[in-house]
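# Results of the structural survey
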Amino acid sequence: MLRRLQIILIVAISFCYFGANAQTDPQMAQFFRLKSQYNPAAIGLEDYISINGGARLQWVGIDGAPQSFMATADMPFKFLGKRFGTGVVLRQESIGLFNSLNAAAQIAFKFRKFGGEFTGGFQVGLFDQRFKGSEVVLPDGDEYHQGNDDAIPTSDIHGTALDLAAGIWYQRPRWGVGVSMTHISSPTIKMGGENSGTSNSSTEQIYEFKADRTLYFIGECNIPIKNTLFEILPAVLVKTDFTFYTGEINARARYNKFLSFGIGYRWDDAVIATLAAEIKNFYLGYSYEYSTGAIHSASSGSHEFVVGYRLKLNLGERNRHRHRSIRIM
């Protein structure tokens, strides 16, 4: 019975993901470390080259459950006496028979105002989508689908579209907030056969996948506890595609800028525990999620790993004593 539940779940996820507008940005529990995945203005926030990578294994124990891998790199730089930021993001996700790849470059302009620093960022990239239709199996007598249903691809299909994002970020010494939008143009990916680019067939079936515009709000702060080596690092993320809304809050305690631990909650979805260590310029973090929904009966939970490294930059006298980032480093 459990095996049947898993099969039904993955088939349903794949077809629902394929047939309608979808939430296309995977949610990371350690979003505070990978902010530039969601906001292209959250780059170059400190005078370091910052490189981060993350992996998320969702609903472990269920075949075909979502798996996400991502990497970010960013740095500030000066041009004509002005401060800028630049970065790159890469994200790969598989879910059921779907596989998506996002690759993008980011640029941001910075200026100081009201005792802090504003950053306006823009991102341009490609959204690549694949569906393994050759692995679709519809058993005879299936009560949900017909074996000759034209709406279900039976061969591998693929498509690519231009994808844009933009955002703003405001940074003060001990807190920061940002608003952004991904998939600004709500790109529609038209997927045909793997060799459709060279095919002259006019009867080839074309399938479409639409990435919804998604609005994000991220806020974080650093609260030192007097006369101790502890500090509290709360962070919040809210997102919506204007149909679906969700939010997440995370509260961590960090000791001596070395070891941090905390708990979080994603609305109507999961409880999260996070543990991380910082050794010199290296970061290593782990999060475990326990689903609060019915899926927990078929899965042992979700796991997330994040690693990072930063390298100090010297951008001149003006920035030699700038504040430390409130991100976990």
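Residues numbered from 1 in each chain as written. Predicted model: local features only at pLDDT ≥ 70, side-chain atom pairs only at ≥ 80, totals over all residues. Heavy atoms only, no water.

### Thoughts on the packing of aromatic side chains
The relative placement of two aromatic rings is captured by the distance of their centres and the angle of their planes. Summed over all chains, the structure comprises 17 aromatic pairs. Ring geometry for Phe-31 versus Phe-32: centroids 5.8 Å apart, planes at 70 degrees, classification edge-to-face. Its relative accessible area of 0% is what places Phe-31 among the buried residues. Relative to Phe-305, the ring of Tyr-286 has its centre 5.2 Å away and its plane inclined at 45 degrees; by these criteria the two rings are tilted. Of this pair, Tyr-286 sits in strand 16 (residues 282-291) while Phe-305 sits in strand 17 (residues 302-312); the two residues are 19 residues apart in sequence, bridging distant segments of the chain. An aromatic cluster is present here, built from Phe-77, Phe-79, Phe-84, Phe-109, Phe-111, Phe-114, Phe-118, Tyr-170 and Trp-175 joined pairwise through their rings. Its end group placed over the ring of Tyr-48, Arg-310 keeps NZ or CZ at 4.1 Å from the ring centre. (Phe/Tyr/Trp six-rings, centres within 6.5 Å; stacked < 30°, edge-to-face > 60°. Buried < 20%, exposed > 50% of the residue type's maximum accessible area, 1.4 Å probe, protein only. Helix = DSSP H or I, 4+ residues; strand = E, 2+ residues; numbered from the N terminus. Lys NZ or Arg CZ within 6 Å of the ring centre and 35° of its normal.)

### Structural notes on the nonpolar core
Nonpolar side chains tend toward joint burial in soluble globular proteins. If you look at the biggest cluster of nonpolar residues, it comprises 17 residues, and the most contacted ones within it are Phe-31, Tyr-38, Trp-169, Ile-218 and Leu-237. Every element with two or more residues in this core is listed here: strand 10 (214-221) and strand 12 (230-240). Contacts of Leu-237, omitting those with residues within four sequence positions, involve Gln-27, Phe-31, Tyr-38, Tyr-216, Phe-217, Ile-218, Thr-246, Gly-247 and Glu-248. (Core = buried A, V, L, I, M, F, W, Y, C linked by side-chain atoms within 4.5 Å. Contact = heavy atoms within 4.5 Å.)

### Looking at the pairing of strand 17
Taken together, the 10 bridges between strand 1 (residues 48-57) and strand 17 define a ladder with antiparallel strand orientation. From the neighbouring strand, Ser-50 faces strand 17, where its bridge partner is Arg-310. Across 8 bridges, the pairing between strand 16 and strand 17 is antiparallel. If you follow Tyr-288 over to strand 17, its bridge partner there is His-303. (Pairing = 2+ DSSP bridges.)

### Notes on empty space enclosed by the protein
Throughout the structure, instances matching the rule amount to 3 cavities of 30 Å³ or more. Together, 16 residues line the largest cavity, and Arg-91, Asn-102, Gln-123, Asp-163 and His-183 are the ones closest to its centre. Sorting the residues of the lining of the largest cavity by element identifies strand 3 (82-95), strand 4 (98-113), strand 5 (116-132) and strand 6 (156-172) as the ones contributing at least two each. When its residues are assigned to classes, the lining of the largest cavity shows 7 nonpolar, 6 polar and 3 charged. (1 Å grid on protein atoms, 1.4 Å probe; cavity = no way out; pocket = protein on both sides within 12 Å on 5 of 7 lines; lining within 4 Å. Points joined across faces, edges and corners; volume = space filled by probe spheres on them. Nonpolar A, V, L, I, M, F, W, Y, C, P; charged D, E, K, R; others polar.)

### Focus: the pairing of strand 1
A large share of strand 1 lies buried, amounting to 7 of its 10 residues. The sheet contact formed by strand 1 and strand 2 (residues 67-79) spans 8 bridges and is antiparallel. Within strand 2, the position partnered with Arg-56 by the bridge is Ser-68.

### Quick notes on the confidence of the model for the protein chain
Note: predicted coordinates in regions of low pLDDT should not be interpreted at a detailed level. For the protein chain, the average pLDDT comes to 85, and 81% of its residues sit at 70 or higher. The spread of mean pLDDT over the elements of the protein chain runs between helix 1 (residues 2-19), the lowest at 44, and strand 7 (residues 175-182), the highest at 97. With pLDDT under 50 throughout, residues 1-22 is counted as low confidence; its partners more than four residues away or in other chains account for 47 contacts. Low pLDDT (under 50) marks residues 196-200, which in the prediction has 1 contact with non-local residues, meaning those over four places away or in another chain. (pLDDT = per-residue confidence, 0-100.)

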